[in-house]
Number of protein chains: 2
Amino acid sequence: MDLDLKSNAVTPLQEQVVAALRAAIAAKRLLPGEKLPSIRRLAAANRISPFTAVEAYDRLAAQGLVVARPKSGFFVAGREAPLTLAVPDAVPGRAAPEAVDPVWMMRQSLSLDDRVIHSACGWLPDSWLPEDGIRRALRGIAAMKGSQLLQYGHPLGYLPLRQQIRLRLAELDIAVTPETILLTDGASQAIDLVCRHLLQPGDAVLVDDPGYFNYHAVLRAHRAKALAVPVTRDGVDLAALERLAVSAQPKLYLTNPALQNPTGLSLAPGQAHRLLNLAQRYGFRIVEDDVFRDFQSVPTPRLAALDGFQRVLHLGGFSKTISAALRVGFIAGPEETIRHLADLKLATTFGNNQVAAQVVHRLLEDGSYRKHVAGLREKLRRTTPPLRRRLEALGLKVWTETEQGIFLWMELPAGAPDATVLAAQAIEQGVVLAPGTVFSPSRQWKRFLRFNIAQSTAPRLIEVLGKLLRRK
Amino acid sequence: MDLDLKSNAVTPLQEQVVAALRAAIAAKRLLPGEKLPSIRRLAAANRISPFTAVEAYDRLAAQGLVVARPKSGFFVAGREAPLTLAVPDAVPGRAAPEAVDPVWMMRQSLSLDDRVIHSACGWLPDSWLPEDGIRRALRGIAAMKGSQLLQYGHPLGYLPLRQQIRLRLAELDIAVTPETILLTDGASQAIDLVCRHLLQPGDAVLVDDPGYFNYHAVLRAHRAKALAVPVTRDGVDLAALERLAVSAQPKLYLTNPALQNPTGLSLAPGQAHRLLNLAQRYGFRIVEDDVFRDFQSVPTPRLAALDGFQRVLHLGGFSKTISAALRVGFIAGPEETIRHLADLKLATTFGNNQVAAQVVHRLLEDGSYRKHVAGLREKLRRTTPPLRRRLEALGLKVWTETEQGIFLWMELPAGAPDATVLAAQAIEQGVVLAPGTVFSPSRQWKRFLRFNIAQSTAPRLIEVLGKLLRRK
């Protein structure tokens, strides 16, 4: 067909092009499935800008007349259904129970649909987070002379924030210098960097069962093998851990020292000591992921404090308490390891987000962070008991009496469907539940659900769950 | 010793503690090398806060009386020199020529010392970057209702920015949808994600020789093998590339389609076509890293435009033109690949920096970005010829007449020392030079230097280089 689509000059260029293309499609001068001219050709032939050309195709696509195919350009629609975008999309949808895995759950949890109840997710709702403080910090950074807005900055990250993290670690008796702290893009990146540094493909890594599901994903990404260490009501089963250490020679143990995800358990002093001895005896290292630290009002022992970074790396972050949109975490460890990790970070993501680090630094420095996390603990203290009572009224039982942290880890009543079945059914009602299996490398814990307390206050959650439990 | 150090209550707590500890050290009640009480014990014994205790130790450390050892706590100084911090530190220092490798250069380039001339680095000086625009954008985001400051956001990243990137790619005839773009923490992370997705340890990967040195670092991190493809004045040596493809079955080819780093060459249409045919024939994929795009005033062909994402992944970023402190890049590719990369990103860094993406989005949307990059090109157009003349006056020769981009790739005069020797000598004069070898997986190009044009305007650079060249 003739590419010159502009017939007269009364209506805006884009509308003319849209109209001409629509007419050509209607008249079958352009047939279903036919490739349309490239943006540049359309623009050149019609003396319009490429922007206008794209906009024209966009409007036709919105009308269902044109389809964009990422591999090849724009086509007349009609021969096949418009592309469905099978990207990690966040629209709640049906799922067979067997598809209810960590990735499914993460995708559902990242849904932006406000109507969805995110009982499964790992973070606090917006209203609990210090949005005003972040806005204030952004304004401050925008106004401050000398704020670091342009360059990569120090390979270890924004120094004033490292200095504050050092003080925060000292409160836990963990002695570091700012030079043995590396800032990372969230705690997840810290874990990933450690895996890169310490693991070879095929290596075995100890993880808690149940434990944080993203450890499994990151280990898969490193082609490492997750060894499930059973968690009992008294904490990690160290006898089982030792058997695994003997039989599989793990390189690493990834765990939460405090308010373990999902059980809420914290390491007891004796247990911490025995664990470190096992690490020493069997030559594995321990990564303690302390992202829940600020939800604990009285600190329990940290492995890094006992061990002084002989076998332990310590990491944390501010995604849970300040904002997940900023991506600020850190890792502390022996000088030599931190140096290697910094080189790896340089090689694989080059720099740090200086702006985000400055926001976190401001909130820590002006004292508002301390007040904020005290407020969060208080809110959880008030929110947890009524939710627990409502869930108990449905027959669920708490597994451990931790009374702290952002999660409730609860067992389903006898006779209830498995948690994955419930999760697959609940999603159809706009409720994202976290079934125990996603926390389990051995796919056990089928009778458990993890509830994000702050995200589970809507009465509809209890209604939906009650209905599903009665349905059988 | 007795831990209760407070004798009276006249002076501030911290000063009392400092004075008491100093006295104990002076009186040899605490001996050189002796371990000091932990922060918590010191705080508890003296009924002071851990902060005060840390501050006290900090002050003693500043006075050289106490040493913090990351592995074990605080110690009385004296038995050994205080820890030297051997972290990726950025203080210019001596280096033997054989130590002048990419990591050395990156560390030197990240020096925060203003007196250092950063001719080696890959980014523009602060004064060239849109600092006011970033401040304006931060203020806007701080003020805007509904700005995304708290949550992880969509797995693919901030949608409005993806929509704008789609328009920018359309200008290069690259057809994508926002659903086939994944935002990343800088272009470096995009490359890293691709390597994770497509490479197994031991795989071979084609890279340009000379080429961007960080490719070598990222390939090492993936335990992949870099195959050096010679770059000639006419572009990549496709015959050599084909021989490597036959003999080593590479999985990937990492390259810049435009203003190749360091040579400044751009793909010619015929070459692009032949390269794609080679990729097809030998079954490798191509990652085109288009971070220099906005320094090109008239676009040359992009592989993704020709190939429509059959074998090509396309990536870019804004670190060169807006800010390296924000870390905003992207990758575009086939839907299925992008889905995998998004899952990997979720597993390894979880989210995206929403704040940074919003800053970039604002600058693109309000049109200031377009003006800014036009200004950058104009500035380079004015800065390049005088620098080139000054370097030519020292006997250096440009290798290709590209006349665009942010680098000059120049050959040393006959009889001059090797570039690594010059770089090792120049660092002592506070000048960081980029020797050709760091761009070369085969450690060739010993007679070349890459100059960052905008960072090389200081007369002292020419003085130092001139002196070193005369010295022999």
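Each remark here, short or long, concerns the structure printed above.
Residues numbered from 1 in each chain as written. Chains lettered and ligands numbered in written order. Predicted model: local features only at pLDDT ≥ 70, side-chain atom pairs only at ≥ 80, totals over all residues. Heavy atoms only, no water.

Q: Hey, could you go over the nonpolar core for me, with residue numbers and the actual values?
A: Leu241, Leu433 and Phe451 of chain A together with Leu241, Leu433 and Phe451 of chain B are the most contacted members of the largest nonpolar core, which totals 284 residues. When residues no more than four places from it in sequence are discounted, the contact partners of Leu433 of chain B are Trp104, Met105, Ser119, Ala120, Leu422, Ala423, Ala426, Leu449, Phe451, Leu461 and Leu465 of chain B. (Core = buried A, V, L, I, M, F, W, Y, C linked by side-chain atoms within 4.5 Å. Buried < 20%, exposed > 50% of the residue type's maximum accessible area, 1.4 Å probe, protein only. Contact = heavy atoms within 4.5 Å.)

Q: How would you sum up the state of the cysteines? Please name residues and give values.
A: Put plainly, a disulfide is one covalent bond tying together the sulfur atoms of two cysteines. One pass over the full model with this rule turns up 0 disulfides over all chains. Sulfur of Cys195 of chain B: no disulfide; nearest cysteine sulfur belongs to Cys195 of chain A and is 18 Å away. (Disulfide = S-S within 2.5 Å.)

Q: Can you lay out the relation of the copies chain A and chain B for me, pointing to particular residues and giving the numbers?
A: With an axial shift of 0.0 Å and an RMSD of 0.2 Å, the rotation relating chain A to chain B amounts to 180°. Those values place the two copies in the arrangement expected of a two-fold rotation axis. Taking the C-alpha atom as reference, chain A places Arg139 of chain A closest to the rotation axis, 2.7 Å from it. An overlap of 100% is found between the interface residues of chain A and their copies at the interface of chain B, pointing to a shared contact surface. (Least-squares fit on C-alpha atoms with pLDDT ≥ 70 in both.)

Q: Provide a residue-level description of the interface of chain A and chain B, including the pertinent values.
A: Interface size is commonly expressed as the accessible surface area that is lost when the partners come together. In this complex, chain A contributes 108 residues to the contact, which on the side of chain B involves 108 residues. Between chain A and chain B, roughly 9,300 Å² of surface is buried when both sides are summed, and carbon and sulfur atoms account for 61% of that area. Counting the contacts that link chain A with chain B gives 2 salt bridges. Among the ionic pairs, Asp192 of chain B bridges to Arg196 of chain A, the shortest N-O distance being 2.4 Å. At the surface where chain A touches chain B, the tally comes to 39 residue pairs in polar contact (both at pLDDT 80 or more). With 9 residues, helix α12 (residues 335–349) of chain A is the largest single contributor of residues to the side of chain A that touches chain B. Considering only residue class, the side of chain A that touches chain B consists of 55 nonpolar, 27 polar and 26 charged. (Buried area = accessible area lost by both parts, 1.4 Å probe. Salt bridge = Lys/Arg side-chain N within 4 Å of Asp/Glu carboxyl O. Polar contact = N/O pair within 3.5 Å; in protein donor to acceptor, adjacent residues only side chain to side chain. Helix = DSSP H or I, 4+ residues; strand = E, 2+ residues; numbered from the N terminus. Nonpolar A, V, L, I, M, F, W, Y, C, P; charged D, E, K, R; others polar.)

Q: Explain the packing of helix α7 (residues 186–198) of chain B against helix α8 (residues 213–221) of chain B to me, using residue names and the numbers behind them.
A: Describing two packed helices takes the angle between their axes plus the distance from one axis to the other. All names here are of chain B. Contact geometry for α7 and α8: axes closest at 10 Å, N-to-C directions at 40°. One element, α7, and the other, α8, form an angle in the oblique class. In this structure, α7 crosses over α8, and the sense of that crossing is right-handed. Contact residues: α7 offers Ser188, Ile191, Asp192 and Cys195, while α8 offers Asn214, Tyr215, Val218 and Leu219. Considered class by class, the residues forming the contact of α7 with α8 number 5 nonpolar, 2 polar and 1 charged. (Axes fitted to C-alpha atoms, helices over the stretch in contact; angles between N-to-C directions. Parallel < 35°, antiparallel > 145°, perpendicular 65-115°, else oblique. Left-handed = near helix turned anticlockwise from the far one by under 90°.)

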